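Structure assessment
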Amino acid sequence: MSKPQIPVIVLAGFLGSGKTTLLNHLLRTSRGTRIGAIVNDFGSIEIDAMTVAGQLGDSTVSLGNGCLCCAVDASELDVFLDKLTRPAAGLDVIVIEASGLAEPQELVRMVLASDNERIVYGGLVEVVDAAEFERTREKHPEIDRHLAVADLVVLNKADRVGDEQRHALRETVTGLCAGAAVIPASYGRVDPEVFFEPRPRTERVGQLSFEDLYDDGQDGHDDHHDHDHDHDGHLHAAYESASFTSEDPLHPRRLLDFLDSRPEGLYRIKGFVDFGALDPANRYTVHAVGRFLRFYPEPWPSDGAGRTTQLVLIGSGVDAGALLSELDAARVTGTEDVPEEHSLWGVLRYVPERSPDDSSDEPFDSYGLQVY
């Protein structure tokens, strides 16, 4: 079975928005998930890198005195990614904290153009200062363009504005970010589950299981939950998650229809899909973040467990029940509902075989992300 790839998350936002605070919060609350960081200060004294390095040790790569998107090219970024993805480092996720003056779109292109086969794009997270948003937008109108390419927006310092202003600001930001999830936060406190699957409390060898995604037994709640109860009074908990399980195979075309039309705010989808007789030897790992989509076929485990589809969905302001109903409609339920053999071709378009910057006719949008 292929080794799981390491997600690379781009963390961006204008100066003072709270990127380093958010990254340090993730490090403190990762529950055993091993995080590496590429920190890109703008200036000769690398304050952010020193702050983060205190928690990461030798899992930090620091790039001072220049914006990453201008100072290095994709091949040079690969040098840093190679260091962090070597087996001895044992990392589960990598976060690139961009300079406050960096161009997020260029950073996404660089990650997608990487030749490192051990990584996978983990999304662009844009941090916004709620208290300074209007002034920042007036001074730096390019923030509209940055929000338009984000996969997730953290509306930080939300405790510094009133309820009415926060509601209006969230509506404005949601309108600018083309359907990305928008999560209010104070002091960068966002649940790590939004970004990556926390590791279980007890160490284990190998890939995380589906159950590890929830760290079951920790709070005694079911799969359809709003995490406001985990941290009463914190604004960062405004997201929902749901799980879908089916012992029936899924119809590839109907699953892709679901992915193509998924609602605003649905940020991440991850899990395993069974396409039944269309490919009985393999299950398909699905990795979707924002508009990015990949499928990875791999042999079914030989542990004798049943062949089931298992998916986790995470977003903000989504109707979990409606999402599960749509997925339920993608099941193949009888002999009269057997999909055509060529219906799997749509899925195979999203199985990585070559980099998105080559000369193929693979469909990519203007941000270097595959469209569907």
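Conventions used here
Residues numbered from 1 in each chain as written. Predicted model: local features only at pLDDT ≥ 70, side-chain atom pairs only at ≥ 80, totals over all residues. Heavy atoms only, no water. UniProt positions renumbered as here; feature names shortened; annotations may be inferred. Phe/Tyr/Trp six-rings, centres within 6.5 Å; stacked < 30°, edge-to-face > 60°. Helix = DSSP H or I, 4+ residues; strand = E, 2+ residues; numbered from the N terminus. Buried < 20%, exposed > 50% of the residue type's maximum accessible area, 1.4 Å probe, protein only. Contact = heavy atoms within 4.5 Å. Pairing = 2+ DSSP bridges. pLDDT = per-residue confidence, 0-100. Polar contact = N/O pair within 3.5 Å; in protein donor to acceptor, adjacent residues only side chain to side chain. Salt bridge = Lys/Arg side-chain N within 4 Å of Asp/Glu carboxyl O.

An unreviewed UniProt entry annotates the protein as GTP-binding protein of Streptomyces peucetius. Quoted verbatim from the Catalytic activity (unreviewed entry) field of UniProt, the annotation for the protein is "GTP + H2O = GDP + phosphate + H(+)".

**Details of the packing of aromatic side chains**
Enumeration according to the criterion identifies three aromatic pairs in this entry. Arranged with centres 5.3 Å apart and planes meeting at 70°, the rings of Tyr121 and Phe292 form a pair that is edge-to-face. You can see Tyr121 sitting in strand 5 (residues 119–129) and its partner Phe292 sitting in strand 12 (residues 292–299), a full 171 residues away along the chain. Arranged with centres 6.4 Å apart and planes meeting at 55°, the rings of Phe275 and Phe295 form a pair that is tilted. Of this pair, Phe275 sits in the loop between strand 10 (266–273) and strand 11 (282–289) while Phe295 sits in strand 12, and the two are 20 residues apart along the sequence.

**Here we look at the environment of Glu126**
Mapped onto the secondary structure, Glu126 falls in strand 5. The class for Glu126 is buried, based on a relative accessible area of 1%. Put simply, Glu126 and Leu147 are 21 residues apart on the chain and 6.8 Å apart in space, counted from C-alpha to C-alpha. Among all residues touching Glu126, those that are not within four sequence positions of it are Ala12, Gly13, Pro104, His146, Leu147, Ala150, Leu152, Val153 and Val154.

**Observations regarding the pairing of strand 4 (residues 93–97)**
Here strand 4 lies mainly inside the structure; five of its five residues are buried. Burial along strand 4 is two-sided: the residues Val93, Val95 and Glu97 and Ile94 and Ile96 are all buried. Here strand 1 (residues 6–12) pairs with strand 4 via four bridges, running parallel. Across the sheet, Val8 pairs through a bridge with Ile94, a residue of strand 4. Examined bridge by bridge, strand 2 (residues 35–39) and strand 4 share five bridges and lie parallel to one another. If you follow Ala37 over to strand 4, its bridge partner there is Val95.

**Details of the confidence of the model for the protein**
Taken as a whole, the protein shows an average pLDDT of 76; of its residues, 73% reach a score of 70 or greater. A low-confidence stretch, residues 53–57 stays under pLDDT 50, and its non-local contacts, those more than four residues away or across chains, total eight contacts. Here residues 63–71 scores under 50 on pLDDT; set against residues more than four positions off or in separate chains, the count is 32 contacts.

**Brief notes about helix 1 (residues 19–28)**
Counting buried positions over the 10 residues of helix 1 gives eight, a clear majority of the element. Residues of helix 1 that are buried: Lys19, Thr20, Leu22, Leu23, Asn24, His25, Leu26 and Leu27.

**Re the side chain of Ser246**
With respect to the helices and strands, Ser246 occurs in strand 9 (residues 240–246). Within the structure, Ser246 has its side chain in polar contact with the backbone oxygen of Asp248 (distance 2.9 Å). Setting aside chain neighbours within four positions, we find Ser246 in contact with Thr308, Thr309 and Arg331.

**Regarding helix 5 (residues 104–112)**
Of all nine residues in helix 5, seven are buried, a share of seventy percent or more. Every buried residue belonging to helix 5 is among Pro104, Gln105, Leu107, Val108, Met110, Val111 and Leu112, and all of these are buried.

**Describing the pattern of salt bridges**
Inspection of the entire model under this criterion finds 13 salt bridges. Between Asp92 and Arg34 there is a salt bridge, with its nearest N and O atoms 3.3 Å apart. In this pair, Asp92 is assigned in the loop between helix 4 (74–85) and strand 4 and Arg34 in the loop between helix 1 and strand 2, connecting sequence segments 58 residues apart. The exposure class assigned to Asp92 is partly exposed, which follows from its relative accessible area of 22%. Judged by relative accessible area, Arg34 falls into the partly exposed class, the value being 33%. Measuring nitrogen to oxygen at the nearest pair gives 2.2 Å for the salt bridge that ties Arg331 to Asp248. A residue pair is termed long-range when its members are at least 10 positions apart, and Arg331 in the loop between helix 10 (320–328) and helix 11 (345–348) and Asp248 in the loop between strand 9 and helix 9 (252–260) qualify at 83 residues. Because the salt bridges share partners, they merge into one network encompassing Asp248, Asp328 and Arg331.

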